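Summary of the model geometry
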Amino acid sequence: QVELMESGGGSVQAGGSLRLSCSASGYSFIRDSMGWFRQYPGKEREGVACIDKDGSATYADSVKGRFTISKDPTKTTVYLEMNNLKPEDTAIYYCAAEWGKTTIAIMEPDYWGQGVQVTVAS
């Protein structure tokens, strides 16, 4: 059984920062890819960032230069450091995992977390 658990969401003012965390269990953390998606009300989930099994990171154009994804194998945890947040970043953010190596552009997650709310005030 694979389980992904997000934490670190909340409300911040525009220009502020947040760090999201996702703890994984029952999953091949070292061999596979981890990512972050977000979803606006009434819209499909969209990819935000991905880090593959080799540690290479890819990002959506909308967050490049502002967000950083990283992982800590010792804790089987993936992070999303979110800087210079904008009101349009307001969404529910989901941790995701996919077997093997992938990038955010083509990532098709096999597993999902339950999601965490991020709200950015203008």
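Here the structure is a predicted model, which means the values were calculated and not measured. (Residues numbered from 1 in each chain as written. Predicted model: local features only at pLDDT ≥ 70, side-chain atom pairs only at ≥ 80, totals over all residues. Heavy atoms only, no water.)

**Looking at the overall build of the chain**
When you go through the chain residue by residue, the secondary structure sums to 0 helices and 11 strands. Starting at the N terminus and walking to the C terminus, you meet the elements of the chain as β-β-β-β-β-β-β-β-β-β-β. In terms of C-alpha radius of gyration, the chain reaches 13 Å, essentially the compact-globule figure of 14 Å for 122 residues. Along the three orthogonal principal directions, the C-alpha set of the chain runs to about 40 × 30 × 25 Å. Classification of the 122 residues of the chain by burial places 40% in the buried group. Sequence-distant contacts in the chain: of pairs separated by 6 or more residues, those separated by 24 or more amount to 58%. (Helix = DSSP H or I, 4+ residues; strand = E, 2+ residues; numbered from the N terminus. Rg over C-alpha atoms; globule rule 2.2 N^0.38 Å. Buried < 20%, exposed > 50% of the residue type's maximum accessible area, 1.4 Å probe, protein only. Contact = heavy atoms within 4.5 Å.)

**Observations concerning the state of the cysteines**
One pass over the full model with this rule turns up 1 disulfide. Here Cys22 engages in a disulfide with Cys95; their sulfurs sit 2.0 Å apart. Taking the sign of the torsion about the S-S bond as the criterion, the disulfide between Cys22 and Cys95, at about -85 degrees, is left-handed. On the criterion of sequence distance, the pair formed by Cys22 in strand 3 (residues 18-25) and Cys95 in strand 9 (residues 91-98) is long-range, its members being 73 residues apart. Each member of the pair, Cys22 as well as Cys95, carries the same accessibility label: buried. Cysteine Cys50 remains unbridged, with the sulfur of Cys95 as its closest cysteine sulfur at 11 Å. Assessed through its relative accessible area of 0%, Cys50 is described here as buried. (Disulfide = S-S within 2.5 Å.)

**Some thoughts on the pairing of strand 4 (residues 33-39)**
Across the 7 residues that make up strand 4, a large majority, 6, are buried. Here strand 4 runs beside strand 9; their pairing, made up of 7 bridges, is antiparallel. Note that in strand 9 the partner of Ser33 across the bridge is Glu98. Alignment of strand 4 against strand 5 (residues 46-51), held across 5 bridges, turns out to be antiparallel. Looking across to strand 5, one finds that Gly35 is bridged to Cys50. (Pairing = 2+ DSSP bridges.)

**Here's the deal with the sheet that holds strand 3**
With antiparallel pairing, the 4 strands of this open sheet are ordered in space as 1-3-8-7. Where the open sheet ends on each side, the last strands, each with one partner, are strand 1 (3-7) and strand 7 (67-72). Recorded for the sheet is a direction-independent mean angle of 15 degrees between the axes of neighbouring strands. As paired elements, strand 7 and strand 8 (residues 77-82) share 6 bridges and run antiparallel to each other. In the strand pairing of strand 8, Ser70 is matched with Tyr79. (Axes fitted to C-alpha atoms, helices over the stretch in contact; angles between N-to-C directions.)

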